[in-house]
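Residue-level listing of the chains:
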Amino acid sequence: MVINKVRKINHKESQTRKNEAASDKMIGKWVKCEACKEILYKEDVHENLSVCPVCGKHFRLSSRRRIAQIADENTFKEIASEILTKDPLKFKGYLEKVNALREKTNLQEAVTCGTCKIEGEKCVLAVMDGNFLMGSMGSAVGERITIAIETAIEKRLPIIIFCVSGGARMQEGIISLMQMAKTSAAIKRLQDAGLLYISVLTDPTTGGVTASFASLGDIILAEPDALIGFAGPRVIEQTIKQQLPEGFQKSEFLLEHGFIDKIVERKDMKHTLGKLLKYHK
Amino acid sequence: MKTAWERVEIAREAERPKALDYIENIFDEFMELHGDRNYGDDKAIVGGIALLGNIPVTVIGEQKGKSAKENIERNFGMPEPEGYRKALRLMEQAEKFNRPIITFIDTPGAYPGVGAEERSQGEAIAKSIMEMAGLKVPIICVVIGEGSSGGALAIGVGDRIVMLENAIYSILSPEGFASILYKDSTKAKEAAENMKITAEDLQKLGIADHIIKENDDFEKITQSLKRYIIKNLKELQKLSKDELLVKRYEKYRKIY
């Protein structure tokens, strides 16, 4: 009964708020928490920064909402928005897929970069978006992130990158792989310039992004319970022919093994970043 | 003209020369050095000091085996994080003593295992890539067989990228690519043709600087590679350290 009602509402809502739903994984007025299975009122989740009010599960967030949560109001000025997807392999169906995603998500690519203020402190902010081809890094993502890093160097600003990515983008082949070198080389220049880089890992951060700029922060923060790793869990299971232990490759696992500085809940993220920026003034 | 898939098969042949074969043939002496000073010594990566004529250079190589026994010992050329950390330690040592660096790339990829993740394969690769971008000595990277994914790039950031004629360099294996994009790992052949992974493709894409022709005479191949290395080290050593780093940065910066 309830399920049917939810479905009906879902249908109507999905027509009018398609983009919102696509970016935030929220379906209609109700959403089921994938962790505790509780049926939640969407407004409650939204107001709670897309964190389950019952169990604390951090749902994936669109870059647009992430920026709204982190940057001081009306301070975000986008840069590198003219950098768009290229198709170096002339891979069948790739650009069509990208165009469809643009329509659906209202995003041009899997990362949005800009300058902004966080608790009054000026910085460069790059935010990846998992709704756009799993946040994968192709040439446009690599180029935008490199421009963001170079902007930080040029303006002598700290940079914060929110990572969410399935890794390097397969459809652009070796060009995607080389973005790992390009972005990491830019981070090297940033380090040499003595500027602060804070990397924030969110669910999921894997593959070529983990094996490049995501792991190179002076300070590395993570949201709770995020999947973070180089190889995907399925690939590892197929290789070792064993099931992986509970909690493997989660934020808490990385903290325990010494690879991240701190796990920060979403409600505390802005203030934590604000404090870190002040410490490094 | 071979197809991309034929080259994949050649690049993976068990009897194809491996990193240590190149090292032995190109350099006059080689002293292997071990360990990452932190956790262990990964046998999938070899490294040490070699003499090129009478010039000491630092050599790093991803080492596959030729037999099943050797491959087990070398983990099929799939490094663990300590392998990349050993490589980086030796490359930083090269910078300290002003030795050029030559790397030999031949790996199906970084090892995807529990221990590798516990010790952060991602961080090990990222750090190596980043630091290579800033090492103030000439770096020449040679893809001799299979250059697959971040596991290859981790020792692949340099001033010159050279590929053997039948070597491949790719974002991941054609099998992996097919299973992700075609949802069918048996379409690896088809994937290989579409992925642009041959030496010729990489040269056209502006990533490989030079291709070493292959023939049946391994001696000839290594001599041709040796000549290339000597000539290019000479050119690179004429640059100031700042110029060297600016040019290296530009080499990757323009890939878009």
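Data block above holds the structure.
Residues numbered from 1 in each chain as written. Chains lettered and ligands numbered in written order. Predicted model: local features only at pLDDT ≥ 70, side-chain atom pairs only at ≥ 80, totals over all residues. Heavy atoms only, no water.

Enquirer: Outline the overall build of chain B, listing residues and values.
Expert: Counting secondary structure elements, chain B contains 12 helices and eight strands. Relative to its length of 256 residues, chain B is compact, with a C-alpha radius of gyration of 17 Å against a globular reference of 18 Å. Its C-alpha atoms give chain B principal-axis dimensions of roughly 50 × 40 × 35 Å. Across the 256 residues of chain B, 60% fall into the buried class. For chain B, long-range pairs separated by at least 24 residues make up 71% of all intrachain contacts whose partners lie at least 6 apart in sequence. For chain B, the separation between the mean place of its 38 positive charges and that of its 42 negative charges on side chains is 4 Å. (Helix = DSSP H or I, 4+ residues; strand = E, 2+ residues; numbered from the N terminus. Rg over C-alpha atoms; globule rule 2.2 N^0.38 Å. Buried < 20%, exposed > 50% of the residue type's maximum accessible area, 1.4 Å probe, protein only. Contact = heavy atoms within 4.5 Å. Lys, Arg positive; Asp, Glu negative; His and termini not counted. Charge placed at Lys NZ, Arg CZ, Asp CG, Glu CD.)

Enquirer: Talk me through the overall build of chain A; I want residue IDs and the actual numbers.
Expert: What chain A contains, in helices and strands, is 11 helices and nine strands. Taken against the 2.2 N^0.38 rule, which gives 19 Å for 281 residues, the C-alpha radius of gyration of chain A at 19 Å falls within 12% of a compact globule. In terms of overall dimensions, chain A has C-alpha extents of about 60 × 45 × 45 Å along its principal axes. Taken over 281 residues, chain A has a buried fraction of 57%. Here the analysis covers contacts within chain A between residues at least 6 apart in sequence; of these, 67% occur between residues at least 24 apart. If you sum the accessible surface of chain A, you get close to 12700 Å²; carbon and sulfur atoms cover 51% of it. In chain A, which carries 42 positive and 35 negative side-chain charges, the distance between the mean positions of the two groups comes to 4 Å. (Areas by Shrake-Rupley, 256 points an atom, 1.4 Å probe, with all protein chains shown as cover.)

Enquirer: Break down the state of the cysteines for me, with residues and values.
Expert: Residues and elements named next belong to chain A. Under the definition given, this model contains zero disulfides over all chains. The structure places no disulfide on Cys55, whose sulfur is separated from the nearest cysteine sulfur, that of Cys33, by 3.7 Å. Of all cysteine sulfurs, the one in Cys116 lies closest to Cys123, which takes part in no disulfide; the gap is 3.9 Å. (Disulfide = S-S within 2.5 Å.)

Enquirer: Can you lay out a negative patch on the surface for me, pointing to particular residues and giving the numbers?
Expert: Taken together, the side chains of Glu6, Glu9, Glu13, Glu15 and Glu193 of chain B make up a negatively charged region of the molecular surface. For Glu15 of chain B, the location among the structural elements is in the loop between helix H1 (4-12) and helix H2 (19-26). (Patch = residues over 30% accessible without salt bridge, like charges linked within 9 Å, V, L, I, M, F, W, Y side chains within 5 Å. Salt bridge = Lys/Arg side-chain N within 4 Å of Asp/Glu carboxyl O.)

Enquirer: Tell me about the pattern of salt bridges, and please be specific about residues and values.
Expert: Residue and element names in this part refer to chain B. Within this structure, the stated rule accounts for 32 salt bridges over all chains. Among the salt bridges present, the one from Glu80 reaches Arg119, with a minimum N-O distance of 3.2 Å. On the criterion of sequence distance, the pair formed by Glu80 in the loop between helix H3 (68-73) and helix H4 (81-96) and Arg119 in the loop between helix H5 (114-118) and helix H6 (121-134) is long-range, its members being 39 residues apart. Both residues of the pair, Glu80 and Arg119, count as buried. Each of Arg12, Lys64, Asp106, Glu146 and Glu175 takes part in one network of salt bridges that share partners.

Enquirer: I'd love a proper account of the packing of aromatic side chains, names of residues and values included.
Expert: This structure, assessed with the given rule, holds eight aromatic pairs over all chains. Look at Tyr22 of chain B and Phe218 of chain B: their rings are 5.0 Å apart centre to centre, the planes differ by 80 degrees, and that puts the pair in the edge-to-face class. A residue pair is termed long-range when its members are at least 10 positions apart, and Tyr22 of chain B in helix H2 and Phe218 of chain B in helix H11 (residues 218-237) qualify at 196 residues. Aromatic side chains Phe27 of chain B and Phe104 of chain B sit 6.5 Å apart centroid to centroid with 80 degrees between the ring planes, which places their arrangement in the edge-to-face category. With a gap of 77 residues between them, Phe27 of chain B in the loop between H2 and strand S1 (29-32) and Phe104 of chain B in strand S4 (residues 101-107) connect regions that are remote in the sequence. Among the aromatic residues, those joined into a cluster by ring pairs are Tyr22, Phe27, Phe104 and Phe218 of chain B. Residue placement shows Lys86 of chain A over the ring face of Tyr256 of chain B; its charged tip is 4.0 Å from the ring centre. Sitting over the face of the ring of Tyr249 of chain B, Arg189 of chain A holds its NZ or CZ atom 3.5 Å from the ring centroid. (Phe/Tyr/Trp six-rings, centres within 6.5 Å; stacked < 30°, edge-to-face > 60°. Lys NZ or Arg CZ within 6 Å of the ring centre and 35° of its normal.)

Enquirer: Any chance you could break down a nonpolar patch on the surface for me, citing the residues and the numbers?
Expert: Judged by side-chain polarity, Trp30, Ile39 and Tyr41 of chain A come together as a nonpolar surface patch covering roughly 270 Å² of accessible area. Within the secondary structure layout, Trp30 of chain A lies in strand S1 (residues 30-32).

Enquirer: So what's going on with the pairing of strand S6 (residues 159-165) of chain A? Residues and values would help.
Expert: All names here are of chain A. The element S6 is extensively covered by neighbouring structure, given that seven of its seven residues are classed as buried. Across the two faces of S6 the burial is the same, with Ile159, Ile161, Cys163 and Ser165 and Ile160, Phe162 and Val164 all buried. Read from strand S5 (residues 121-128) through helix H6 (residues 139-155) to S6, the crossover connection turns out right-handed. As paired strands, S6 and strand S7 (residues 197-205) are joined by six bridges and run parallel to one another. Paired with Ser165 across the strands is Thr205, a residue of S7. The parallel pair S6 and S7 is bridged by helix H7 (residues 173-192), and the resulting crossover is right-handed. (Right-handed = clockwise from strand over helix to strand, strands pointing away. Pairing = 2+ DSSP bridges.)

Enquirer: Before we move on, can you summarise the nonpolar core with the specific residues and values?
Expert: Across soluble globular proteins, nonpolar side chains have a tendency to be buried as a group. Phe213 of chain A together with Phe27, Phe104 and Tyr169 of chain B are the most contacted members of the largest nonpolar core, which has 136 residues in total. Per-element tally for this core: the top contributor is H7 of chain A, with 10 residues. The contacts of Tyr169 of chain B, once residues within four sequence positions are left out, are Ile174, Leu177 and Met178 of chain A together with Val143, Gly147, Ala152, Leu153, Met163, Lys196, Ile197 and Leu202 of chain B. Of all hydrophobic cores here, the second largest spans 20 residues; its members include Cys123, Ile198, Val200 and Leu273 of chain A. (Core = buried A, V, L, I, M, F, W, Y, C linked by side-chain atoms within 4.5 Å.)

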